[in-house]
Every structure is written in C-alpha cells, then in structure tokens.
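Examination of the molecular architecture
Listed here are the chains, written in short residue letters.
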Amino acid sequence: MKLPTGKKMSEIDKETSQTYSFPSLLLMENAGRGITDALLQDFPEIAHHPPVILAGGGNNGGDAFVIARQLFFRGIRSIVVFAGSEDKLKGDARINYDLHRSLNLPEKGVPVISVALPEEWDDVREIVFGAQYLIDGLFGTGFEGKPEGIYREIIESVNQDYHGIVLAIDVPSGLICDAVMQNDCILRAEKTYTIGLPKLGMQDYPGKDYTGDVEIIHIGFPQELLESETICTEIITLEDAAKLKPLRMPHSHKGDYGHVCVIAGSAHYPGAAHLASLAAFRSGAGLVTLASTDKVCQSIKSGDNEIIFFPFHTVTIENGSLKEDALQKKEIGLECITAEHFHQLQPFLNNYSVCLMGPGMGNAAETLEFVKVFIEQYKGNLILDASALDVLQKYPDILKNLKKTPVITPHIGEFARLTGKSIENIKNNKLQYALHFAQDNHVILVLKDAVTLVTDGETAYFNTTGNAGLARGGSGDVLAGIIAAMVARKLPPLQAALFSVFLHGYIADILCEEYCEEGIYPSLIIENIYKGFLAL
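A word on the overall build of the protein. Assigned secondary structure in the protein consists of 22 helices and 20 strands. Across its three principal directions, the C-alpha atoms of the protein cover 100 × 50 × 45 Å. Within the protein, the proportion of its 536 residues that are buried is 56%. Taking as baseline every contact in the protein between residues at least 6 positions apart, the subset at least 24 positions apart corresponds to 70%. Roughly 22,700 Å² of accessible area belongs to the protein as shown, and the carbon and sulfur atoms make up 50% of that amount.

This is the structure we're talking about:
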C-alpha cells in the first residue's frame, strides 16, 4: 500500500477534482460521512455521550463541521469548538461552516464556540474536558511548522490534562505528514481515521506515537491515483505479505527449497550462529549448513540434529608457512573465522543457494579479511548482517559491482557507522539516507529499527508489524536467517526481505497476545515461525 506525503495526498485530492470532475465539496462530504460511520461503529457510546469537536480553519475543520452535521442527522448533538478566526474560513470549509449556521444547528443543540486567543481557552476548557470523546479537526495533512498561539494552548492542554478518548480526523493535529522528523507539539489520539491512504509522518516514530490505531476511510479517490508510481514510499501490509508467501508443493523434495550456508559465530558469540541457522531451517529452507570455527560447531552440534556443520580446521603458522592441524607455533582460527578459512569453504560454494554471513562473527581483523575475500570471490546470493557489515567501513565500494544484488541488514547504530552520520541524524532523515545508500551501493537495505525500512534505492517500504518484545539480542540473527531461507526458496532478494521483515514482526505480534512483550525472546520466535505461516 502506498504511503504518500501530505503534499502528494493534496495533489491526489486536487487531481481527483480537476481531472475526474469529482467535486471537492463532495469529497469533503464523503470524508465526514465516512468518518462518522466509522466513529459510531467503533464507539457506539458516542450516541449517549455527545462529543466535543475541535475545528480549525482549513479543510480538516471543514471535515469537522460535516461530522457535526452527520451526527446531528443521527440524533447525536455535539459541541464544536472553533479555533481561530471565522473570517479566514474559505473554500469548502467555509461552505460547510455556513451550512451549519443556515441549518440553524447551533439553535438545535449543536453550538459553535469560537476561541482565538490562548487566554480564551480557559473559558471553554471545562466544557471540553467534561466530554468523554474529543474529535480532533484542528489541522490536516497540509500542516507544516509548529502549532502556535491558541492551537499550541489547546494541544498541550489536552495532552496533559484530558482523560477522555481523542479521535483524529485524517491526522493528529500538529503532525507533519511530509517527513519522519516531527515537531514538539502534536495532539495524541487513541485512533486516527485517515483519508484515502496513511501518510508518511504517521508510519514511523515519533509520529506513530500520536496516531493510535489507524483506519483508512475511502471517499472516492480513483484507484490509479492511490497506486501511482510517483509515490516512492509504501507500507508492507498483511495482504502484501500473503501474496509473497512461498508455497510448498506436494510433489517437491528438499532440493526445491534451497541450501542456505550460514557463515557465523566466534568463541564469544556462538549463539548468534545457532539462532540464524535454526531460523533459516524453520523458515522452510531445504538444507542449512553452518560454517564456523570447530569450537562453535562443537558447542552447537550436541543439541541440534537439523543443521549440517562445516567446521573450519585450525591453521598454524610455522616458520613462515601454513600447515593444517599443526600443534606448534601460533594457531589461527581457534577463536574466530579467518581469511585462511575461505580456501576450505571455497570448493563447496556452488552447493549453496545463498550465503548469510555475519551473525556473531566478531570484528577481529582476520575475520574482516575473511569477509573481504569472500565478497570479492563469491558470485552467488549474499546476505550480510552484524559483524560482516564492518567491512563496508574499510572498503566502502566493495558491494557496488557484485553479480547479484546483496541484502544487508544493519540496525540504526550500524547504519550510522556505515554512513558516518549520528544516530539522531539517521533517525531524523532515515528515509533519505536509506534510499541514497541503497541506490549508491546497489544493495537491498533492511534498516532495522522500531519501524524497519526496506529499500532497493527506488522504493522504500515501511514495515507494519513487530513490537518492543523484539528489542533483544538475537532478534536480528533470527531475521537474517529467515531472509536467507526466503532467498533459498527462490524469492527475489527484495521480496524475500519484505516478506521476512513482515513475518518476523508478525510472529512477535501473535506471541505478544499470549506472552506479552516481556515474554518474547529469539528462540521463541523461531519455535513459532510456523504460526506466522499459518496466519498468512
């Protein structure tokens, strides 16, 4: 599903009227009626507890007046608090304001109380706070900057002291729809009824913190406009994931589901290698081989009969030459993977559908040399995670000319190191940096965060699943293993990343209902991968 900016949504609104001869006044009427229907379905108690409706001077305020009228037609009286100067109302919002007056709705129990200055808020505050429901129509998708004056007074007062239910028209007032970075004054809603499509600023934090649940209200925008290729941001929905889900055919065998090679682990982090390998196997890969140091393989082998092990032999330097299994001088490869190990694995690389490299490998210099050599020599599908990403800092152009597009999976901190930007800078400009990095380096980027972003450099996809239960060490290893399995099962790298990111978070959401966020941990995600497939 497309995820437009506020500016793009305004263009869709304008084009619907101009190109398709759909009157803008009718669009506003459809918005108000649609939101009213949804409000009463979700909160039928509104019929017995008349709401207060906050209305601003723009089209969002026009929607608010339509809602007040629609509620009246259904026997529900409300109070409209208009913030600003009524003289400045224009266009469709003015028409609906005048209609409210000409129908004598104020005399029929739907009054309009105007407040223009911050000090006037105290006169109506008690009325507003006495209502169980507050419908927010102060600002819409075109808002930019920061709320000031009476608007800031209302928003801050409601956020701090109102204890009822806030329901937002299209977007919470004060939220900037054109960017992830937000201002410091946004009205916090329990639910947002957004028109046509969700908006960019709503989908990631901090904006996501203010929207509550989001429901899309369709008002008649042509589908071709809502699906326009000029919108380069999207969200990954349940329907999208269901279409991507790979199938298992009744006449198939293990070879049809690919062979994943996981190159991972070190003496300090053997668990990461196990999590990634097991996640790949439980996600449906036909075979999974773990290539790691002998110590790592031995530590895992006793408790796992599903994974194939490729233990690297130790190598010893003696008199300037290398001798396998020598017991003299300096042994290489006991604690971590080294460049010398590549030659042990190289003859078998054609057996693998995809190689996942990085979980738990550590950042020893000899390990990074292995990663460099491997990337330069390997011609197949490649996924880089965790420690393997460190090689990009030393060799920033190493991924640009690979035969197949790799998938890389940094979290925000790792991505900050790769780009040389601060974490705060990355978070405030995540979309722009992600698109540029993926395009410049010819990669599929999975930028892990509270809201994970996936991009090929042309389109960016925001994930819609997951919760704070995933904020534990090992969650990223599990995700990397799932992605590897999907590539092995012949999904193209971008689609494999999109499906895996959604599935990973979806499993956590399913488990959250049973265990709560505190009860979720990486191996529990792996044990319940099948539940994600079942639910899709």
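Moving on, we come to the sheet that holds strand E18 (residues 444-447). A sheet is described by the order of its strands in space; here 10 strands give the open sequence E8-E20-E19-E18-E17-E16-E15-E9-E10-E11, paired in mixed fashion. Every other strand in the sheet has two partners, leaving strand E8 (233-236) and strand E11 (308-312) as the edge strands with one partner each. As judged from the 4 bridges shared by strand E15 (residues 354-357) and strand E16 (residues 381-384), these two strands associate in the parallel manner. Across the sheet, residue Leu356 finds its bridge partner in E16, namely Ile383. Packed on one face of the sheet, helix H11 (residues 270-282) meets strand E9 (259-263), strand E10 (287-293) and E15 and runs near 170° to E10. Taken strand by strand, helix H18 (residues 430-441) contacts E8, strand E17 (407-408), E18, strand E19 (453-455) and strand E20 (460-463), and its axis lies near 35° from that of E19.

On any regular strand, side chains alternate: one points to one face of the sheet, the next to the other face. Side chains Ala460 and Phe462 project from E20 onto one buried face, and the interleaved Tyr461 and Asn463 project onto a second face that is buried too. Judged from the 4 bridges that link them, E8 and E20 form a sheet pairing that is parallel. Looking at E20, one finds that Glu234 is bridged to Tyr461. Bridge count between E19 and E20: 3 bridges; the pairing is antiparallel.

So, about the pattern of salt bridges. Pairing of side chains with opposite charge becomes possible as their charged atoms draw close. On inspection of all chains with the given rule, the structure shows 26 salt bridges. Its salt-bridge partner being Asp98, residue Arg94 comes within 3.2 Å of it at the nearest N-O pair. Of the two residues, Arg94 and Asp98 are both situated in helix H4 (residues 91-102); the distance of 4 residues between them amounts to about one turn of the helix. Beyond isolated ion pairs, a larger network of salt bridges with shared partners links Glu148, Arg152, Glu156 and Asp184.

Take the sheet that holds strand E3 (residues 112-115) next. Read across the open sheet, the 7 strands follow the order E3-E2-E1-E4-E5-E6-E7; overall the sheet is parallel. Both outer strands of the open sheet, E3 and strand E7 (213-217), are each paired with one neighbouring strand and no more. With strand direction ignored, the average angle separating the axes of adjacent strands in the sheet is 20°. Two elements, strand E2 (residues 79-83) and E3, share 4 bridges in a ladder whose sense is parallel. Looking at E3, one finds that Val80 is bridged to Val112.

Here the focus is the packing of helix H16 (residues 412-419) against H18. Where H16 meets H18, the axes come as close as 12 Å, and the angle between the chain directions of the two elements is 60°. Judged by the inter-axis angle, H16 sits oblique to H18. For the crossing formed where H16 meets H18, the hand is left-handed. Each of Ile412, Phe415, Leu418 and Thr419 in H16 lies in contact with H18, whose residues at this interface are Lys430, Tyr433, Ala434 and Phe437.

So, on to the environment of Ala83. Summarising the element assignment, Ala83 is placed in strand E2. Here Ala83 falls in the buried class, since its relative accessible area comes to 1%. Setting aside residues no more than four positions away along its own chain, Ala83 makes contact with Ala55, Gly56, Gly57, Val115, Leu138, Tyr151 and Ile154.

Rules of the game
Residues numbered from 1 in each chain as written. Predicted model: local features only at pLDDT ≥ 70, side-chain atom pairs only at ≥ 80, totals over all residues. Heavy atoms only, no water. Helix = DSSP H or I, 4+ residues; strand = E, 2+ residues; numbered from the N terminus. Buried < 20%, exposed > 50% of the residue type's maximum accessible area, 1.4 Å probe, protein only. Contact = heavy atoms within 4.5 Å. Areas by Shrake-Rupley, 256 points an atom, 1.4 Å probe, with all protein chains shown as cover. Pairing = 2+ DSSP bridges. Axes fitted to C-alpha atoms, helices over the stretch in contact; angles between N-to-C directions. Salt bridge = Lys/Arg side-chain N within 4 Å of Asp/Glu carboxyl O. Parallel < 35°, antiparallel > 145°, perpendicular 65-115°, else oblique. Left-handed = near helix turned anticlockwise from the far one by under 90°.

Spatial relationships are all this shows, so hold off on functional conclusions.
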